[in-house]
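# Overview (structure and organization)
Residues per chain are reported as follows:
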Amino acid sequence: MTRRIVVLTAGLSQPSSTRLLADRLADAVTTQVSARGEAASVEVIELRELAHDLATTMTTGGMPTPAVEEARATVAGADALIAVTPVFAASYSGLFKMFVDVLDPEAIAGMPVLVAATAGTARHQLVLEHALRPLFSYLRAAVVPTGVFAATDDFGGPGSQDLGRRISRAAGELAAAVVSAGVAGFGPEASGRETGRGGGRGSEAEVTDFEDLLAGLGQ
Amino acid sequence: MQFGIFSVGDVTQDPTTGRTPSEGERISAMSAYALKAEEVGLDVFATGEHHNPPFMTSAPTTHLAWIAAQTQRLQLSTSTTLITTTDPVRIAEDYAFLQHLSGGRVDLMMGRGNTGPVYPWFGKDIRQGLPLAIENYHLLRRLWREEVVDWQGKFRTPLQGFTSTPRPLDGAPPFVWHGSIRSTEIAEQAAYYGDGFFHNNIFWNIEHTAQMVDLYRRRFEHYGHGSKDQAIVGLGGQVFMAGTEAEAKKAFRPYFDVAPVYGHGPSLEGFTRMTPLTVGTPEMVIERTLGFADAVGDYQRQMFLMDHAGLPKDVVLEQIEILGREVVPVLRREFEARRPAHVPSDPPTHASLVADGPGAPHHLVAPAAKVDLRADRTESEHATA
């Protein structure tokens, strides 16, 4: 079966080093999934293109625009996520956080996630541990042990080989998590990843019978 | 089918003149809109309830009583009545009194409403919003249907041997709608009691509204009140009209761009695409509104928001005039033409509730059929087999 890998990239310029890192990670993950005898498809969500839609969603009481709705559904339907952000003011960029803020709280629960960031200098490298991991822990995502941080030096300087090794290691971890997830339909879901997830708040969610609401007063 | 206008009662600066009306001016303007609604043949006027600026609609029954005295046939409603922070005993008394004053021209729409800080002013906690809506409404039903009530609950002091007065007019409690934008529990509540479900249909796309209405319809049938398509549905909507689309957009855009609820956000064009907002000719409004029934099924009440975002009084009066004279007569004709015979045209009225007699389900506190879930499941298994 083909595993759906979704890439979130929050770079603002074009070309962007964040997108560059995202593409390298996506390629490495595809390779690593193939090495495990499975196929992978990659879908990239350029958050830059959603900037206006995200602002609109935020200022209209959470009503998603069609583009935001589609992106949410794409993320919720993924088998794994690669999340890459530039570092702004010692953290992920505001654009990146805006997208996370419009996700359903259950959207990526249990989903394997690879976190990555870019910055001008290596002094920001702990952003992965201080900002991205806590954020994805909150969403109950399964973040792989290796995060990938790339400073400008890593793209051309003496550290560039190291970056390649980190990318391979992280991609291997993500691929292993995705492939080990098993094939749907063979045995019951242990994690409940398939329940309660969706691209949006739907009324298709199970309703609680009103007698129960009345008896427990809606709790 | 009933058509009307509903207002949230915001006091907002007119961005084209920089002038903010006084609360008194807004109150008298809203009163004038209600009278205009009756004059041009609309059926319903509904007022919001808020207890914080920039709104001034804190005393709906006082306002509706004044309007009742000046009108003959206009149905008076709310949009919405705060079932969370208002004591259900007060709601029972206030609206029964209004029912007597107005000769039965009253229905109510329940809502939870409002922002967090408002709750503690009334001794409540917003985290309990849903449980409050559930407990309070159930008590309200009892107060209107049982002569003497002994009651103990979680949120209110107990009642012993309490009789709410005046008793509902002709022994028929007002019909109730439950308004919700996205809380499925409220759709479930409306379905359980066989009450009406109202979607404000302003802040979300019509597909979302259709999902919520469909849930209510399915559960209405589940609780034995009739078939799905007989459930009582109301929708909101928002329009601004002129002779041409360009003219309408030019006039409305300055108000839209800085409106308190969506200003500084989406473009007028974007919001028009994403939501049922229609800015254009009366023909465009007719076409768009008729499309609502394709999305949610044949329904019983259509309300329009006309008077927000600082629009001046004379403009709003003109909009209501166009709505009543040019738009609604066509909508009435077209909606009736497409409606199957077994689907009710109007929501229940005082006259119809009285005619149904004292044994009708409306007079029961909990009119839902006891559902045998196992039988239900077997039936659906047969259906899929």
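Residues numbered from 1 in each chain as written. Chains lettered and ligands numbered in written order. Predicted model: local features only at pLDDT ≥ 70, side-chain atom pairs only at ≥ 80, totals over all residues. Heavy atoms only, no water.

Under an unreviewed UniProt entry, the name given to chain B is Coenzyme F420-dependent N5,N10-methylene tetrahydromethanopterin reductase, and the source organism is Serinicoccus hydrothermalis.

An unreviewed UniProt entry lists chain A under the name FMN reductase, with Serinicoccus hydrothermalis as the source organism.

## Considerations on the overall build of chain B
Our working rule: In this description a helix means any DSSP run of H or I spanning at least four residues, a strand means any run of E spanning at least two, and both kinds are numbered starting from the N terminus. Both definitions apply: the radius of gyration is a C-alpha atom measure, and the globule rule equals 2.2 Å times residues to the power 0.38. The rule is simple: take the accessible area with a 1.4 Å probe, protein chains only, and divide by the maximum for that residue type; under 20% is buried, over 50% is exposed, in between is partly exposed. The contact criterion used is simple: two residues touch if any of their non-hydrogen atoms lie within 4.5 Å. The Shrake-Rupley method, run with a 1.4 Å probe sphere, supplies the accessible areas, and residue values consider only the shown protein chains as cover. In this tally, Lys and Arg are treated as positive and Asp and Glu as negative; His is ignored, and so are the chain termini. Working definition for charges: the position is that of NZ of Lys, CZ of Arg, CG of Asp or CD of Glu.
Helix and strand counts for chain B stand at 13 helices and 13 strands. Here the C-alpha radius of gyration of chain B, 21 Å, is about what a compact globule of 385 residues would show, namely 21 Å. Taken over the C-alpha atoms alone, chain B extends approximately 55 × 55 × 40 Å along its principal axes. Evaluated residue by residue, chain B yields a buried proportion of 56% over its 385 residues. Sequence separation of 24 or more characterises 72% of the internal contacts of chain B that already satisfy a separation of 6 or more. Of the roughly 15300 Å² of accessible surface on chain B, 54% is carried by carbon and sulfur atoms. Positive and negative side-chain charges in chain B, numbering 35 and 46 respectively, have mean positions lying 3 Å apart.

## Observations concerning the nonpolar core
So the rule is basically this: Definition of nonpolar core: a set of buried residues of the types Ala, Val, Leu, Ile, Met, Phe, Trp, Tyr and Cys, connected through side-chain atoms within 4.5 Å.
Of all hydrophobic cores here, the largest spans 111 residues; its most connected members are B:Ile5, B:Leu42, B:Tyr216, B:Phe252, B:Tyr299, B:Met306 and B:Leu323. Among all residues touching B:Leu323, those that are not within four sequence positions of it are B:Ile5, B:Leu42, B:Met241, B:Phe304, B:Met306, B:Val328 and B:Pro329. Core analysis: the next-biggest nonpolar cluster, separate from the first, contains 38 residues, A:Val6, A:Val68, A:Ala107 and A:Leu128 among them.

## Remarks on the side chain of B:Asn205
Note the threshold: What qualifies as a polar contact is a pair of N or O atoms within 3.5 Å, subject to a donor-acceptor requirement within protein and to the restriction that residues adjacent in sequence count only when both atoms come from side chains.
By the element assignment, B:Asn205 lies in the loop between strand S9 (196-199) and helix H7 (206-222). A polar contact is formed between the side chain of B:Asn205 and the backbone nitrogen of B:His208, at a distance of 2.8 Å. Not counting chain neighbours up to four residues away, the residues in contact with B:Asn205 comprise A:Met63, B:Met274 and B:Thr275.

## A closer look at the interface of chain A and chain B
Our working rule: Accessible area that two parts lose when put together, with a 1.4 Å probe and added across both, is what the buried area reports. Any Lys or Arg side-chain nitrogen located within 4 Å of an Asp or Glu carboxyl oxygen qualifies as a salt bridge.
The interface is formed by 23 residues belonging to chain A together with 34 residues belonging to chain B. Interface of chain A and chain B: buried area, both sides summed, is about 2400 Å²; carbon and sulfur atoms make up 63% of it. Inspection of the region where chain A meets chain B yields one salt bridge. With a closest N to O distance of 3.2 Å, B:Arg219 and A:Asp209 form a salt bridge. On the surface where chain A and chain B come into contact, there are six residue pairs in polar contact (both at pLDDT 80 or more).

## Some words on the packing of aromatic side chains
In this description, an aromatic ring pair is defined by two values, namely the gap between the centres and the angle between the planes. Residues and elements named next belong to chain B. Put simply, the rule is: Working definition: rings of Phe, Tyr and Trp (its six-membered ring) pair if their centres are within 6.5 Å, and the pair is stacked with planes under 30 degrees apart, edge-to-face with planes over 60 apart, and tilted otherwise.
Under the counting rule described, the total for this entry stands at 18 aromatic pairs over all chains. Summarising the aromatic geometry, the rings of Tyr-137 and Tyr-193 are spaced 5.1 Å apart at their centres and angled 80 degrees between planes, so their arrangement reads as edge-to-face. Placement of the pair is Tyr-137 in helix H5 (residues 129-145) and Tyr-193 in helix H6 (residues 184-193), with a sequence separation of 56 residues. Taken together, a centroid distance of 4.6 Å and an interplanar angle of 20 degrees make the contact between Phe-256 and Tyr-262 stacked.

## Some remarks on the UniProt feature "domain: Luciferase-like" (unreviewed entry) in chain B
Going by this rule: UniProt positions are given in the numbering used here, feature names are shortened, and annotations may be inferred rather than shown by experiment.
Those places that UniProt annotates as "domain: Luciferase-like" (unreviewed entry) correspond, in this numbering, to residues 1-295 of chain B. Between the first and last C-alpha atoms of residues 1-295 of chain B the distance is 17 Å; the span itself is 42% helix and 16% strand.

## Let's talk about the UniProt feature "domain: NADPH-dependent FMN reductase-like" (unreviewed entry) in chain A
Here the UniProt-annotated "domain: NADPH-dependent FMN reductase-like" (unreviewed entry) positions come out as residues 4-152 of chain A. Counted over residues 4-152 of chain A, helix gives 41% and strand 26%. Its end C-alpha atoms are 30 Å apart.

## Describing the sheet that holds strand S2 (residues 44-47) of chain B
All names here are of chain B. As a reminder, the rule being used: The criterion for strand pairing is that DSSP finds at least two bridges linking the strands in question. Helix axes are fitted only over the stretch in contact, all axes being lines through C-alpha atoms; the angle between N-to-C directions runs from 0 to 180 degrees.
Ordered by their spatial adjacency, nine strands build an open sheet running S3-S2-S1-S13-S10-S9-S8-S5-S4, and the pairing between neighbours is parallel. The outermost strands of the open sheet, each flanked by one partner alone, are strand S3 (75-78) and strand S4 (81-82). In this fold H7 packs onto S9 and strand S10 (233-235), with an angle of close to 170 degrees to the strand it touches most, S9.

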